[in-house]
Amino acid sequence: MKDVNFDLNLAIDIGNSTVNIAFFENKDFINSISLQTDQMIKGNFKIEKPKDFNKQIAKVEKAGISSVVPEATNKVIDFIQEQKNIKIYKIEELDYNIKIDYEGLLGEDRMMAILGAFKDYGIKNVVVDIGSALTFSVLDKDKVFRGGMIALGPFNILRSSTQNTSQLENIKLHKPVANIGQNTESSLNSGIYWMIVGAIEKGIETIENEIGYKLGKILTGGGTDLVKDYFIEKNYILDRYLVVKGVNYLLLDNGV
Ligand SMILES: Nc1ncnc2c1ncn2[C@@H]1O[C@H](COP(=O)(O)OP(=O)(O)O)[C@@H](O)[C@H]1O
Ligand SMILES: CC(C)(COP(=O)(O)O)[C@@H](O)C(=O)NCCC(=O)O
Ligand SMILES: [K+]
């Protein structure tokens, strides 16, 4: 990697599967590391730090954290602060400049993904985050967060499929070679793949019908890779790191 000569921002996304720790130089994503959330909660983080991690941490001036796993938040903050003693802003400490039309709890990852989408792609978007859950979040024509859908992500579908059946075993999900599976593994793989692809297309179609206009379609989260070939052809935007991008924009906008 090129030498880091500038101040960096640190943006953290704690999801139910993965903690993403990303570095930005102003608006530009530099790189990230990911840790397993359950390992973090257990306090068991053997971390493969990238080559420049220590050098990069030393250059961090601003840091922010989005979390949908409260029991992991302070563990992650402690871990970072062991490397560099810096204030790490939580989302609730910063001004979020998008109106929210939603009752009660709203995932910070969904708020941050919508902010990242607004900054990079403007209004009228639906962000689908393919993680532990499969979430749909809508930013309407008036820059209002309108809510969306919460369903099950591919890796949790796989886990429930295998845990609740005696003859199905864990597999590695991938783009199917054939859709009519000819053995258990390929059938399970194509079934879960098309469940996710179908849910995404149908979910967005019904959201667009209800809102009454077309939306930009953006995919993010750990499962983006799994379905990227299918959705690139349909002109979806693939933006794997939208949540940490949103956290970084929040830091920049708040001038902290
Ligand atoms: N190509 C892939 N194939 C299978 N699993 C993947 C792939 N890429 C990422 N994952 C998995 O993505 C899952 C969830 O995505 P992530 O966005 O990290 O979820 P969350 O936001 O809920 O933490 C993780 O379980 C990770 O192991
Ligand atoms: C829906 C989620 C579980 C998704 O989490 P993830 O799959 O990214 O780990 C998370 O955004 C959350 O806990 N949300 C709170 C409820 C809501 O947004 O309505
Ligand atoms: K996520």
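As the structure is a computational prediction, the values presented were derived from the model and not from experiment.

Colleague: Looking at this structure, how should I read the overall build of the protein chain?
Modeller: Looking only at helices and strands, the protein chain has 8 helices and 11 strands in total. The C-alpha atoms of the protein chain give 19 Å as radius of gyration, which agrees with the globular expectation for 256 residues (18 Å, within 12%). The principal-axis extents of the C-alpha atoms in the protein chain amount to approximately 55 × 45 × 35 Å. For the protein chain, contacts bridging at least 24 residues in sequence account for 57% of all contacts bridging at least 6.

Colleague: Can you help me understand unusual backbone geometry in this one?
Modeller: Negative phi is the rule for most residues except glycine; trans is the rule for most peptide bonds. Residue Lys124 is not a glycine yet carries a positive backbone phi of 60°. Within the secondary structure, Lys124 is located in the loop between helix 4 (108-121) and strand 7 (125-130). Lys124 gets classed as partly exposed once you count the C-beta atoms within 10 Å, which come to 18.

Colleague: Looking at this structure, I do not really get the site of ligand 2. What am I missing?
Modeller: Near ligand 2 lie 15 residues; those nearest to it are Gly15, Asn16, Gly107, Gly131 and Ala133. Sorting the residues of the shell around ligand 2 by element identifies helix 4 and strand 8 (133-139) as the ones contributing at least two each. A class-by-class count of the residues in the shell around ligand 2 yields 5 nonpolar, 7 polar and 3 charged. Formed jointly, the shell around ligand 2 draws a minimum of three residues from each of two domains, domain 1 (8-93) and domain 2 (99-246).

Colleague: So what exactly am I meant to see when it comes to the sheet that holds strand 6 (residues 99-100) here?
Modeller: By definition, the strands of a sheet pair up through backbone hydrogen bonds, in either a parallel or an antiparallel sense. Spatially, 6 strands are ordered 6-9-8-7-10-11 in an open sheet, and the strand pairing comes out mixed. Edge positions in the sheet fall to strand 6 and strand 11 (237-238), since each of these pairs with one other strand and no more.

Colleague: Where do I start with the UniProt feature "binding site: K(+)" (unreviewed entry) in the protein chain in this structure?
Modeller: Under the UniProt annotation, the feature "binding site: K(+)" (unreviewed entry) is placed at Asp129. You can see Asp129 is positioned in strand 7. We classify Asp129 as buried; it has 28 C-beta atoms within 10 Å.

Colleague: Any chance you could explain the domain arrangement of the protein chain here in plain terms?
Modeller: Looking at the protein chain, the domain boundaries give domain 1 (8-93) and domain 2 (99-246). At the junction of the two partners, domain 1 supplies 14 residues and domain 2 supplies 13 residues. Going through the elements one at a time, strand 1 (8-14), strand 2 (18-25), strand 3 (28-36) and strand 4 (60-67) are the ones with two or more residues in the side of domain 1 that touches domain 2. Here the side of domain 1 that touches domain 2 takes 3 residues from strand 2, the largest share from any one element.

Colleague: Would you mind going over helix 8 (residues 242-254) with me for this structure?
Modeller: In an α-helix, one full turn covers 3.6 residues, which means residues spaced three or four apart are oriented alike. Compared with an ideal rise of 1.5 Å per residue, which puts 13 residues at 18 Å, helix 8 spans 18 Å between its outermost C-alpha atoms and is within 8% of the ideal. Among the 13 residues in helix 8, 10 count as buried, and that is most of the element. Taken as a whole, helix 8 has its buried residues at Leu242, Val243, Val244, Lys245, Gly246, Val247, Asn248, Tyr249, Leu250 and Leu251. Of the residues one or two after helix 8, Gly255 is the one with positive phi, at around 55°.

Colleague: Just checking my understanding: could you explain the packing of helix 4 against helix 8 for this structure?
Modeller: Interhelical geometry of helix 4 versus helix 8 gives an angle of 75° and a closest axis separation of 7 Å. The orientation of helix 4 with respect to helix 8, classified from their angle, is roughly perpendicular. Contacts between helix 4 and helix 8 pair Asp109, Met112, Ala113, Leu115, Gly116, Ala117 and Lys119 from the former with Leu242, Val243, Lys245, Gly246, Val247, Tyr249 and Leu250 from the latter. Across the contact of helix 4 with helix 8, the residue classes break down as 9 nonpolar, 2 polar and 3 charged.

Colleague: Even after reading the chapter, I still don't get the UniProt feature "binding site: substrate" (unreviewed entry) in the protein chain, so can you show me in this structure?
Modeller: Mapped onto the present numbering, the UniProt feature "binding site: substrate" (unreviewed entry) falls at Tyr102, Gly107, Glu108, Asp109, Arg110 and Thr184. Across 83 residues, the annotated set is spatially dispersed, with a maximum C-alpha separation of 41.4 Å. Within the secondary structure, Tyr102 sits in the loop between strand 6 and helix 4. In this structure, Tyr102 is in contact with Phe145 and Gly147, ignoring residues within four places of it in sequence. On the secondary structure map, Thr184 appears in helix 6 (residues 184-211).

The rules behind the values
Residues numbered from 1 in each chain as written. Chains lettered and ligands numbered in written order. Predicted model: local features only at pLDDT ≥ 70, side-chain atom pairs only at ≥ 80, totals over all residues. Helix = DSSP H or I, 4+ residues; strand = E, 2+ residues; numbered from the N terminus. Rg over C-alpha atoms; globule rule 2.2 N^0.38 Å. Contact = placed C-beta atoms within 7 Å. Buried ≥ 20, exposed ≤ 12 C-beta atoms within 10 Å, placed from the backbone. Near = placed C-beta within 6 Å. Nonpolar A, V, L, I, M, F, W, Y, C, P; charged D, E, K, R; others polar. Domains from an automatic or database assignment. Pairing = 2+ DSSP bridges. UniProt positions renumbered as here; feature names shortened; annotations may be inferred. Expected span 1.5 Å × (residues − 1). Axes fitted to C-alpha atoms, helices over the stretch in contact; angles between N-to-C directions. Parallel < 35°, antiparallel > 145°, perpendicular 65-115°, else oblique.

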